[in-house]
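These are the residues of each chain, in order.
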Amino acid sequence: IIADFIPEVHFLGEIKSGYGFNNGFTSSSLLTCKWSVDWGTTTWSLLEGSQEGQTQFSTNSYLDHHHSSSNACVVVWNHPIDLHFTTANLKGWPRIVLQVWKLDSYGTASILGYGFTYFPATPGTMQELEVKCWRPRGTLSEEISHFFLGSSIRLTQERLIVDDAWEKRQSLVT
């Protein structure tokens, strides 16, 4: 697909791995990353590529000694992302929204974290992006249930990840 006389932007990369999800993560747990791309819909158009997807389920692969938390279990996904946009201006720059989910040995899925970041704006460079993830904290009884049963507090509206949470994140309890 060719966009005549309109600037085009390509994003090529991968969701490489995740680390720091040690809390509640056992050797029999599997992790996946659901992702979606959000952009200014009035000025940007997605020509090719998927707007959302999910990595395969993966277990902890190795201990990573390069990050600040020693003995951090790393989950490797290496999930490709290839997006082709046209845009009339830079307003509404695309961002990737991530959800990391755990599947335990009983088949129970629970959220481990939400996060997002903007795609790099520097052309022609290879950059590694690190997304800090968070999850809502529940009441004492909900947190006890999360610890023993694996259930977790989920956002009722995924729009909160990038809208309200971004603007009001200082008042969130995570």
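Sequence positions are assigned chain by chain, starting from 1 and proceeding in written order. Owing to the predicted nature of the model, reporting of local features is limited to residues with pLDDT of at least 70; listing and counting of side-chain atom pairs is limited to 80 or more, with chain, interface and lining totals taken over all residues. Hydrogens and water are ignored here; the side-chain numbers use all heavy atoms of the structure.

Help me out: how do you make sense of the sheet that holds strand E8 (residues 109–118) in this one?
In a beta sheet, neighbouring strands pair by backbone hydrogen bonds and run either parallel or antiparallel. Two strands qualify as a pair provided that DSSP identifies no fewer than 2 bridges between them. Put simply, DSSP marks the helices as runs of H or I at least four residues long and the strands as runs of E at least two long, and each gets a number from the N terminus on. A sheet is described by the order of its strands in space; here 4 strands give the open sequence E4-E2-E7-E8, paired in antiparallel fashion. In this open sheet, the two edge strands, each paired with only one partner strand, are strand E4 (52–54) and E8. Averaged over all pairs of adjacent strands, the angle between strand axes in this sheet comes to 15 degrees, irrespective of strand direction. Pairing geometry for strand E7 (residues 95–103) and E8, over 9 bridges, is antiparallel. Fitting a line to C-alpha atoms yields each axis, with helices limited to the stretch in contact; the angle taken between N-to-C directions then spans 0 to 180 degrees.

Explain the packing of aromatic side chains to me, please; I cannot follow it from the model alone.
The relation between two aromatic rings is expressed through the spacing of the ring centres and the mutual angle of the planes. The aromatic pairing rule takes the rings of Phe, Tyr and Trp, using the six-membered ring of Trp, and pairs them if the centres are within 6.5 Å, calling planes under 30 degrees apart stacked, those over 60 edge-to-face and the rest tilted. This model, assessed by the stated rule, comprises 8 aromatic pairs. Aromatic pair Phe 11 and Phe 85: ring centres 6.1 Å apart, planes at 75 degrees, arrangement edge-to-face. Placement of Phe 11 in strand E1 (residues 8–19) and of Phe 85 in strand E6 (residues 72–87) is noted, with a sequence separation of 74 residues between them. Any residue under 20% of the maximum accessible area for its type is buried, any over 50% is exposed, and the rest in between are partly exposed; the area is computed with a 1.4 Å probe on protein chains only. Note on Phe 11: relative accessible area 7%, which makes it buried. Residue Phe 85 is classed as buried on the basis of its relative accessible area of 0%. Between Tyr 114 and Trp 134, the ring centres sit 5.6 Å apart and the planes meet at 45 degrees, which makes this aromatic pair tilted. Taken together, the positions of Tyr 114 in strand E8 and Trp 134 in the loop between E8 and helix H1 (140–149) put the pair 20 residues apart, joining distant regions of the chain.

Hey, could you run me through the nonpolar core in this one?
Among the buried residues, those of types Ala, Val, Leu, Ile, Met, Phe, Trp, Tyr and Cys that are joined through side-chain atoms within 4.5 Å form a nonpolar core. Formed by 21 residues in total, the largest nonpolar core has its most connected members in Ile 15 and Phe 85. Counting residues per element, this core draws most heavily on E6, at 5 residues. Here, two residues are considered to be in contact whenever any of their heavy atoms come within 4.5 Å of each other. Contact partners of Ile 15, with chain neighbours within four places excluded, come to Cys 33, Trp 35, Thr 55, Trp 77, Asn 78, His 79, Ile 81, Ile 96 and Leu 98.

Is there a simple way to think about the environment of Arg 95 in this case?
Mapped onto the secondary structure, Arg 95 falls in strand E7. Taking the C-alpha atoms as reference, Arg 95 lies 3.9 Å from Tyr 118; in sequence the two are 23 residues apart. Here a polar contact means two N or O atoms within 3.5 Å. Within protein one must be a hydrogen donor candidate and the other an acceptor candidate, and residues neighboring in sequence count only if both atoms are side-chain atoms. A polar contact of 2.7 Å, which involves the side chain of Arg 95, links it to the side chain of Asp 38. Polar contacts involving the side chain of Arg 95 include one to the side chain of Tyr 118, which spans 3.1 Å.

Is there a simple way to think about the pattern of salt bridges in this case?
Pairing is possible between side chains of opposite charge, provided their charged atoms come close. Each reported salt bridge corresponds to a side-chain nitrogen of Lys or Arg within 4 Å of a carboxyl oxygen of Asp or Glu. Applying the stated rule across the entire model yields 2 salt bridges. With a shortest N-O distance of 2.7 Å, Arg 95 and Asp 38 are connected by a salt bridge. Highlighted residues: Arg 95 in strand E7 and Asp 38 in strand E2 (residues 30–38), separated in sequence by 57 residues. Residue class for Arg 95 comes out buried when judged on its relative accessible area of 11%. On the basis of relative accessibility, which here comes to 15%, the residue Asp 38 falls in the buried class. For Lys 132, the salt bridge goes to Glu 130, with nearest N and O atoms at 3.2 Å. Judged by relative accessible area, which is 47%, Glu 130 ranks as partly exposed.

Looking at this structure, I do not really get the pairing of E8. What am I missing?
Of all the 10 residues making up E8, 8 are buried; the element is thus mostly covered by neighbouring parts of the structure. As consecutive antiparallel partners, E7 and E8 are separated by 5 residues, and within that stretch Gly 107 has a phi angle of approximately 85 degrees, a positive value.

Can you help me understand unusual backbone geometry in this one?
Phi is positive for Asn 78, which is not a glycine, with a value near 50 degrees. Within the element layout of this structure, Asn 78 appears in strand E6. Judged by its relative accessible area of 41%, Asn 78 is partly exposed.

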